[in-house]
Amino acid sequence: EVVEAGGQVLLPGFVDLHTHLREPGREDTETIESGSAAAALGGYTAVFAMANTSPVADSVVITDHVWRRGQEVGLVDVHPVGAVTVGLAGKQLAEMATMASGVGKVKMFSDDGHCVDDPLIMRRALEYSSSLGVLIAQHAEEPRLTVGAVAHEGPTAARLGLAGWPRAAEESIVARDALLARDAGARVHICHASTAGTVELMKWARGQGISITAEVTPHHLLLDDSRLETYDAVNKVNPPLRERSDVEALRKGLAEGVIDCVATDHAPHAEQDKCCEFSAARPGMLGLETALAIVAQTMVEPGLLDWRGVAKVMSERPAEIVGLTDQGRPIAVGEPANLTLVDPQREWTVRGPELASIAANTPFEAMTFAARVTTTLLRGRVTVRDGQVQR
Ligand code: NCD
Ligand code: ZN
Ligand code: ZN
Ligand code: ZN
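What counts as what
- Residues numbered from 1 in each chain as written.
- Chains lettered and ligands numbered in written order.
- Predicted model: local features only at pLDDT ≥ 70, side-chain atom pairs only at ≥ 80, totals over all residues.
- Heavy atoms only, no water.
- Near = heavy atom within 4 Å.
- Polar contact = N/O pair within 3.5 Å; in protein donor to acceptor, adjacent residues only side chain to side chain.
- Nonpolar A, V, L, I, M, F, W, Y, C, P; charged D, E, K, R; others polar.
- pLDDT = per-residue confidence, 0-100.
- Donors = N, O, S within 2.8 Å, 3.2 Å for Na, K, Ca; no water.
- Helix = DSSP H or I, 4+ residues; strand = E, 2+ residues; numbered from the N terminus.
- Pairing = 2+ DSSP bridges.
- Core = buried A, V, L, I, M, F, W, Y, C linked by side-chain atoms within 4.5 Å.
- Buried < 20%, exposed > 50% of the residue type's maximum accessible area, 1.4 Å probe, protein only.
- Contact = heavy atoms within 4.5 Å.
- Axes fitted to C-alpha atoms, helices over the stretch in contact; angles between N-to-C directions.
- Parallel < 35°, antiparallel > 145°, perpendicular 65-115°, else oblique.

Draft legend 1. How the structure looks around the site of ligand 1. In the vicinity of ligand 1, 15 residues are found, and the nearest of them are R22, N52, D112, N238 and D265. D112 is positioned with one of its side-chain polar atoms (N or O) 2.7 Å from an oxygen atom of ligand 1. Separating an oxygen atom of ligand 1 from a side-chain N or O atom of H269 is a distance of 3.0 Å. In terms of residue class, the shell around ligand 1 is built from three nonpolar, nine polar and three charged.

Have a look at this one:
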């Protein structure tokens, strides 16, 4: 098969450590099939599907289903994330070993959507994960510091009466888990880092030789809490959009490698869950199809990363962090390729309903970006050509 690549940038297929595909349970907002299409269009060849489905992915029955269904669809490798605790935010560790040895070979565990806030459970989870050689990914949010279901903080949010998730809720867990990982001799991964303080804590922990990694989302690299002025719940997300100074610190942290990688936290929600009052709306936004465009605009355009750096934060580091050996690296001659082609100058405008996801909750609606993924190859098969999914 011949792929025309003139003037484009060739990158290793992207790896997303943080995707919510709502199957099983909320197939009205996303399925493994629709989410796989969105991922391929975004240039991804592997995604990690979070465990907060319904039922929760806390057993090998669910994690194996997710893997098998992804393979059946065949557009992207859908790696299941297993729950750390039974039912998420539970008091009992899930059977990680069973999930790790299933067909879906679970490599990452997370209660994302909830914090593993009990320090003893987190400590045991880290010790156990270390003996199994799997990764724990922490949604860093101390729930006793978070007010109700309202998920915003900062001067704008406070003025608007939306205060809810302070920096300390994130940073106290980042600091705690760094220390727990150190003592357990384990690795921990921080989901969706959102504050300048988290960047500082990451620097400190790395300096101590602690095995801690972190991701940042495209929306936290681009948007700040001034978006809340409209009270539009499309901007409601966990962790909340923060201040411009946080956005700058996150960009700098990513450029310097203190934040390891970009992860989308792609979170589809039904229209009725996003068009209600801000306090009642669900947190989360779509991310797979817009990630590369935002990384190009926020990191490449200002000169913070070159395209080599994009390969690193979108593909190589995430693959390394989770121990994927078939992704995120250059291929040898004759090896099936996981590749993405990006046209850095193919201007496009985001339209929620045109995205492959079933849900349409994008905060980037009507925004125009310069860079676009044109082609994706999964193990040598073209999954996207000229921006069209090849089924
Ligand atoms: C996520 C979701 O909708 O599942 N929401 C979000 O705002 N990020 C859960 C999560 O990542 O915490
Ligand atoms: Zn989360
Ligand atoms: Zn919670
Ligand atoms: Zn999430």
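Further notes follow.
Draft legend 2. Structural detail: the confidence of the model for the protein. Mean pLDDT over the protein works out to 94, with 97% of the residues at or above the 70 mark. Two numbers describe this predicted complex: its pTM, 0.97, and its ipTM, 0.94.

Draft legend 3. Local environment of the coordination of the zinc ion (ligand 4). The protein atoms that coordinate the zinc ion (ligand 4) are H18 (NE2), H20 (NE2), D112 (OD) and D265 (OD), at distances spanning 2.0 to 2.2 Å. Going along the chain, you hit the donors of the zinc ion (ligand 4) in the pattern H-x1-H-x91-D-x152-D. Between the zinc ion (ligand 4) and the zinc ion (ligand 2), both coordinated by D112, there is a metal-metal distance of 3.6 Å. Within this pair, whereas H20 is found in the loop between β2 (14-19) and α1 (32-41), its partner D112 is found in the loop between β5 (108-109) and α4 (119-132), the two being separated by 92 residues in sequence.

Draft legend 4. The arrangement of the pairing of strand β14 (residues 381-385) in detail. As paired elements, strand β13 (residues 372-378) and β14 share three bridges and run antiparallel to each other. Pairing of L378 across the sheet is with R381, part of β14. Here β13 folds back onto β14 in antiparallel fashion, the turn holding two residues, of which R379 has a positive phi close to 45°. Note: β14 against strand β15 (residues 388-389), two bridges, orientation antiparallel.

Draft legend 5. Summary view of the nonpolar core. With 73 residues, the main nonpolar core has L126, I212 and M314 as its most contacted residues. Contact partners of I212, with chain neighbours within four places excluded, come to V174, A178, V188, I190, M202, A205 and R206.

Draft legend 6. Layout of the packing of helix α7 (residues 196-207) against helix α9 (residues 244-256). Where α7 meets α9, the closest approach of the two axes is 8 Å, and the angle between their N-to-C directions is 30°. Comparing the axis directions of α7 and α9 gives the class roughly parallel. Contacts between α7 and α9 involve A196, V199 and K203 from the first element and D246, A249, L250, G253 and E256 from the second. Partitioning the contact of α7 with α9 into residue classes produces four nonpolar, one polar and three charged.

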